[in-house]
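Now for the letters of each chain:
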Amino acid sequence: MKIKYLKLKNWLLLSLMGLIGFTGCKSSKQAQTSATEDQQPVAAQQEQGTKKKIDNDRGQVALMYGVPTMNYRIRGRVVNHNGKPVKGIQVVMLNRAFGNTPNNPGEDDPAVIDYMQQYADTTKADGSFDVQVKDRPTEYMRLFVRDVDGPSNGNYQNDVINVEFSDSDVKAEGQGWNRGVATKENFEVKIKPVR
């Protein structure tokens, strides 16, 4: 009985907080119009006839809920210790949902499998790859590389590499919560052989 009471209490509090949060968001133009109308006497409002409608709020400050995001893209190639391109290496940029990922990110997890299918790229014969992901703005992204083709062109170690991004890497500015696109070109990954 106590658990049902607590669930009901939590549901009511969350509903009330949501209602207060969304009804408290007005654009500054609407807030000014409402304040001006409230201050006028009722007789003055009746003399004016119908209330003037607000056409639009473009260009006005509005309160929003959200999280800034940025699109990250890395184009490059994977080479071995001799500088030769390596084919069959899976490359993926890890977003923050992975946390501090070890060299093998939970391959049995359906969410990880789906993420890898959606965002990973496997290197071509020239070792080239092109990966991208959307995440919160940050100074670096983690690039996860692993050998997925077996011993056909050598066995290589899995690795996680921090790729730093700076203001000069931002190639396109975004709007609103999207901060734009940050791109690294000709990024070279040296992969180590398994001993």
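Since we're looking at a predicted model, the values are computed, not measured. (Residues numbered from 1 in each chain as written. Predicted model: local features only at pLDDT ≥ 70, side-chain atom pairs only at ≥ 80, totals over all residues. Heavy atoms only, no water.)

For strand S1 (residues 69–79) and strand S8 (residues 178–190), the ladder comprises nine bridges, and the chain directions are parallel. Across the sheet, residue Val79 finds its bridge partner in S8, namely Lys190. Both strand S7 (residues 170–173) and S8 contribute to a ladder of three bridges, which runs antiparallel. For Glu173, the partnering residue across the bridge sits in S8 and is Gly180. A loop of four residues connects S7 with S8, the two strands running antiparallel in sequence, and Gly176 in this loop sits at a positive phi of about 60 degrees. (Pairing = 2+ DSSP bridges. Helix = DSSP H or I, 4+ residues; strand = E, 2+ residues; numbered from the N terminus.)

Nonpolar side chains collect at one region of the surface, where Leu8, Trp11 and Leu12 lie side by side and expose about 350 Å² of accessible area between them. Its location among the elements puts Leu8 in helix H1 (residues 2–23). On the accessibility criterion, Leu8 (48% relative accessible area) is partly exposed. (Patch = residues over 30% accessible without salt bridge, like charges linked within 9 Å, V, L, I, M, F, W, Y side chains within 5 Å. Areas by Shrake-Rupley, 256 points an atom, 1.4 Å probe, with all protein chains shown as cover. Salt bridge = Lys/Arg side-chain N within 4 Å of Asp/Glu carboxyl O. Buried < 20%, exposed > 50% of the residue type's maximum accessible area, 1.4 Å probe, protein only.)

What follows concerns the sheet that holds S7. Strand order across the open sheet formed by four strands is S4-S1-S8-S7, with mixed pairing between neighbours. Only two strands of the sheet have a single partner each, and these edge strands are strand S4 (128–135) and S7. Strand-to-strand twist of the sheet, defined as the mean angle between neighbouring strand axes without regard to direction, takes the value 15 degrees. (Axes fitted to C-alpha atoms, helices over the stretch in contact; angles between N-to-C directions.)

Everything listed is a geometric property; what it means functionally is a separate question.
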